[in-house]
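Structure assessment
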Amino acid sequence: MDDDEFDFSDADLDDLPANTLQQLETTAIRATQQQQQQQINVDDSAYYGFDDGDGDEDEDEVVNLHDLTTTTTDADHDYAAAPSQQPHGQPQAEQQPLPQSQADVGRLLERIKKLEQEKRRLNHDLDTASAEVVKKAGEVDNLRRRTEHATRQTEQRLAHQQHEHQETTAKIAAERDALLRQLEQAKTNTAFDEHNRYEDHMRKPRRVVPSRPKMAAPAVPSPAGTPKKAQKNLPLGDGFDDDDVFAMSPSKRRDKSKASTPKLASKRKRQVTNDSPVQVLQLSEPSNTQLPPDPPLFSEPAADIALLRNLRKDDQRFNLLHRLLSRHCSRGDDRVLEALTRYAFPSDPEKKLSSIVYDGFSTSAPSTNARELATSICRVFVDIWTRCLRENYLSPIYLVLDALQFVLATPSPKTSIAVMQLIIPLIVDSVKLVAIPVYEARNRNESKTAFLFSPSYRSIVDEIDVPTCLELLYHLATSCVASSSPISLTQFWSSIPLDFILLTLLKEQPPSTMLPILSLLSTSALPSSIGPIVSSDAATQQTAESNLLSRLTNLFSETLAPTPDPESSPPPPVSDTQTWTTRLHVLTLLTHFSIPPHGATILVTHNLCIGRLIKYLDHAVSSLYSRPLSPSQQLKISTINTTMRLLDHLTRVNPGFNIKSKLGETLGGLHAYYVALTRLAFSEGVVLEEGIEAEVVDMAHDVLDEGLSVEEGDALAEVFGSGVEG
């Protein structure tokens, strides 16, 4: 049979494997032969009248053969099973059926053609869909790249505009300040000039004007008098006739002496005679007694002795004001109050911060001593700090810190205690602005990490000096410690939130933030609590103290490292010296906690504190041999001595306490216990172990004696009998 009868050519079979047609032909021929054989057997059986019993099995084989080759449609089965249409009237036995092999092969080839067409259609649809997907992916990628490029350009342009705006603003502010300074200087010079002119006028002596002598009336000569001889040397004429001017010399007339009347003393003096018939009375006082002087018109009031004594005293208020006016700021050479003239709140740009300070000084209640004046000054600067945080205007905060540090640096702690409740919330809120982004970026969140390295966060870090804020907070705590009343220290730690302490003790925080917090916590070892006081309920407070100890002891195993910038090279790691120094401060803090009985009990009952101390002791001892003679060698020795002293102190103040009982919840704690304490107990304190105190060696012996059996002690003595081998 030709391929054309089924309407396809050899080209339609090119996609099939090479042996597919051969296999199909072989299968079709085998099926045809089997069917013919079965038909012969059936005819023989019908002819002879018996069945050989193999018909069922053959039918099963034929059915299975059809199932293995292909699955035909119902129409095909009907076509194969239906008898041939015969003309009406002819008997059924005379019909001649088509050969079975020819029908099967035809159906197979037709089915193959349809499947191949469906395959080509599906492949074409698949290629079209793949091309469409690639096209869409390319378009999406192009749009994304264009969007990112436009976003970067917008950010760069915005940053450039902000930078130009800041530069322009700074330039205008500088010009304005310069003009204001020139105006103030001109006003000052004018005032000085007026003052100098006034003083010169007052110092100039008054000129005594002599009284003009009265001139006698000139004698008018008679017109008929003899004319005088004209003078030769006449003064310049004034345009009038000189004949009418009479030369008169009043000075000569005044100089002439008049003829005086002769005086006779005896003639004008009255003779004293006693014409009275009564004898003259004798006076009690001589007649030449002088009369008392007349009282002055303005009497001077008597001086108040108490006022004079007060004036002689050194008033500390004036000293405080004088020193505050002379105080220089921490950034630059300007004084604090002079630097405040460069800043103004965004809500009131016309009024300088210096004016607000002066207004606060003038409106505050009059103070009778220096402490009240210092408290009033602190309240003024606290109000400015509060307003800076509320308006997110952080630039002048460093000036407020400078002023508060100076005013509170007084010998008396009463001033610090009086303003403590006002300053602590401001310090906490300011430090959180810097610390919270570090906490949010520690989980490698892309948006949070990007903000951590953004210019806005950098400006916050530059404007808020976290070490200075923590230094001021530590000053307030030490003032409460120096106070005679223990209530002030309790009030201080009741004002410190626990999340603030835990936030600043993360391993991502810089050591410059962690070390002041550790020093601050050393003042919290109270008789009934350690760390912040969060509640009066004992269970709640104990939970807070347990969280604090967990955070502190985690620093023994955590690696101190800042959050890396994903878009730049990794930051330099924290040096080995800084790491050992920070952990040594933690040990010192735990030692402070262990001094009160309450703190020692909390340390012993904590699930992980003792185990972590033992593992850290083992780490410190092992580091002596792993990195010998390193720059941090002395810090390691100090760490070993401090840790062993702390463990020995805890075992002494808690009778019946066994260190080995607290090592079950610490991975590798029991092994570290044996190794570290045995090395210390048998240490000779030479070469790499130089600096380990003899008392520390004895403490290790005592702790081991309580936790080892006799057999274990003998075994360890055999191993370390001649000293620890590196």
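Along every chain, residues carry numbers that run from 1 in the direction the sequence is written. Selection of residues for local features in this predicted model requires a pLDDT of at least 70, selection of side-chain atom pairs for listing and counting requires 80 or more, and totals for whole chains, interfaces and linings are taken over all residues. Hydrogen atoms and water are omitted, and side-chain values are computed over all heavy atoms in the structure.

**A look at the overall build of the protein chain**
Test applied: Counting from the N terminus, the helices are DSSP H or I runs at least four residues long and the strands are E runs at least two residues long. What makes two residues a contact is simply this: any of their non-hydrogen atoms within 4.5 Å. Accessible surface area values rest on a Shrake-Rupley calculation with a 1.4 Å probe, where residue burial reflects the displayed protein chains alone.
Along its length, the protein chain carries 27 helices and 0 strands. In the protein chain, the proportion of contacts linking residues at least 24 apart, taken out of those at least 6 apart, comes to 72%. Looking at the protein chain as shown, the accessible area adds up to about 49100 Å², and 54% of this sits on carbon and sulfur atoms.

**Details of unusual backbone geometry**
Even without glycine at this site, Asn392 takes up a positive phi of about 55°. Along the polypeptide, Asn392 turns up in the loop between helix H11 (370–390) and helix H12 (397–408).

**Let's talk about the nonpolar core**
Definition in use: The criterion is simple. A nonpolar core is a set of buried Ala, Val, Leu, Ile, Met, Phe, Trp, Tyr and Cys residues joined through side-chain atoms within 4.5 Å. The classification of residues rests on relative accessible area computed with a 1.4 Å probe and restricted to protein chains. Under 20% of the type maximum is buried, over 50% is exposed, and intermediate values are partly exposed.
Ranked by size, the top nonpolar core spans 124 residues in total, and within it Trp385, Ile423, Phe492, Leu590, Phe593 and Met644 carry the most contacts. The contact partners of Met644, leaving out residues within four places of it in the chain, are Leu617, Leu677, Leu680, Val696, Met699, Ala700 and Val703.

**Details of H11**
Every α-helical turn comprises 3.6 residues, leaving residues that sit three or four positions apart pointing alike. Note the cut-off: One less than the residue count of a helix, multiplied by 1.5 Å, gives the span that helix is expected to have.
Between its first and last C-alpha atoms H11 spans 30 Å; for 21 residues at 1.5 Å apiece the expected length is 30 Å, and the two agree. Listed as buried for H11 are Leu373, Ala374, Thr375, Ser376, Ile377, Cys378, Val380, Phe381, Val382, Ile384, Trp385 and Cys388. Note on H11: the residue one or two positions beyond its end, Asn392, has a positive phi of about 55°.

**A look at the packing of helix H19 (residues 511–521) against helix H21 (residues 576–593)**
Between two packed helices, both the angle of their axes relative to each other and the distance between the axes serve to describe the pair. Note the cut-off: Lines fitted to the C-alpha atoms define the axes, with helices restricted to the stretch that makes contact. Angles between their N-to-C directions range from 0 to 180 degrees. An angle below 35 degrees is read as roughly parallel, one above 145 as roughly antiparallel, one from 65 to 115 as roughly perpendicular, and any other as oblique. For any helix crossing, the convention is left-handed if the near helix is rotated counterclockwise from the far helix by under a right angle, and right-handed if that rotation is clockwise. Lys, Arg, Asp and Glu make up the charged group, whereas Ala, Val, Leu, Ile, Met, Phe, Trp, Tyr, Cys and Pro make up the nonpolar group; the residues left over, Gly among them, are polar.
Running from amino to carboxyl end, H19 crosses H21 at an angle of 15°, the nearest separation of the two axes being 9 Å. Looking at the two axes, H19 sits roughly parallel to H21. As H19 runs across H21, the sense of the crossing is left-handed. In this structure, H19 uses Pro511, Met514, Leu515, Leu518 and Leu521 to contact H21, whose residues at the interface are Gln578, Thr582, His585, Val586, Leu589 and Phe593. Classifying every residue of the contact of H19 with H21 by side-chain character gives 8 nonpolar, 3 polar and no charged.

**Some details on the side chain of Thr523**
Of note, Thr523 is situated in the loop between H19 and helix H20 (538–554). Thr523 has contacts with Tyr474, Ala477, Val481, Leu489 and Trp493, leaving out every residue within four places of it along the chain.

**Description of the pattern of salt bridges**
Put simply, the rule reads: The working definition used for a salt bridge is a side-chain nitrogen of Lys or Arg within 4 Å of a carboxyl oxygen of Asp or Glu.
Under the counting rule described, the total for this entry stands at 20 salt bridges. With a shortest N-O distance of 3.9 Å, Glu132 and Lys136 are connected by a salt bridge. A residue pair is termed a helical-turn pair when its members lie 3 or 4 positions apart in one helix, as Glu132 and Lys136 do in helix H4 (residues 100–203) at 4 residues. Residue classification places Glu132 among the partly exposed positions, given a relative accessible area of 36%.

**Some details on the packing of aromatic side chains**
Rules: When two rings of Phe, Tyr or Trp (its six-membered ring) have centres within 6.5 Å they constitute a pair, described as stacked for plane angles under 30 degrees, edge-to-face for angles over 60, and tilted for the intermediate range. By definition here, charges over rings are those cases where NZ of Lys or CZ of Arg is within 6 Å of the ring centre and within 35 degrees of the ring normal.
In this structure the tally under the stated criterion is 6 aromatic pairs. Ring geometry for Phe492 against Trp493: centres 5.3 Å apart, planes inclined by 85°, an arrangement best described as edge-to-face. Between Phe556 and Tyr616, the ring centres sit 4.6 Å apart and the planes meet at 10°, which makes this aromatic pair stacked. Of this pair, Phe556 sits in the loop between H20 and H21 while Tyr616 sits in helix H23 (residues 609–626), and the two are 60 residues apart along the sequence. Like Tyr616, Phe556 is buried. Positioned above the aromatic ring of Tyr398 is the side chain of Arg331, whose terminal nitrogen or guanidinium carbon lies 4.5 Å from the ring centre.

**Digging into the environment of Tyr398**
On the secondary structure map, Tyr398 appears in helix H12. In the structure, Tyr398 is positioned 71 residues away from Cys469 in sequence and 9.2 Å away in space, judged by C-alpha atoms. Setting aside residues up to four positions removed in sequence, Tyr398 forms contacts with Cys329, Ser330, Arg331, Arg342 and Tyr343.

**Some words on the environment of Pro437**
When you line up the elements, Pro437 lands in helix H13 (residues 414–440). With 11 residues separating them along the chain, Pro437 and Lys448 place their C-alpha atoms 6.9 Å apart. If sequence neighbours within four positions are ignored, Pro437 has contacts with Lys432, Phe451, Leu452 and Tyr457.

**Examining the side chain of Ser630**
What counts, and what does not: N or O atoms closer than or at 3.5 Å make up a polar contact, with two conditions inside protein: a donor-capable atom paired with an acceptor-capable one, and, for residues adjacent in sequence, both atoms drawn from side chains.
Structurally, Ser630 can be placed in the loop between H23 and helix H24 (633–653). Exposure remark for Ser630: the relative accessible area of 11% places this residue in the buried category. Only 3.1 Å separates the side chain of Ser630 from the side chain of Lys636, close enough to count as a polar contact.

**Things to note about the packing of helix H10 (residues 353–363) against H11**
Between H10 and H11, the shortest axis-to-axis distance is 9 Å and the interhelical angle comes to 140°. In terms of orientation, H10 lies oblique with respect to H11. Handedness of the crossing formed by H10 with H11: right-handed. Listed contacts from H11 to Leu353, Ile356, Val357, Gly360 and Phe361 of H10 are Ile377, Val380, Phe381, Ile384 and Arg387.

**Points about the confidence of the model for the protein chain**
Basically, it comes down to this: pLDDT expresses, on a scale from 0 to 100, how confident the predictor is about each individual residue.
Across the protein chain, the average pLDDT comes to 77, with 67% of residues at 70 or higher. Ignoring residues within four places in sequence, the model shows residues 240–258, a span with pLDDT below 50, making 7 contacts including any to other chains.

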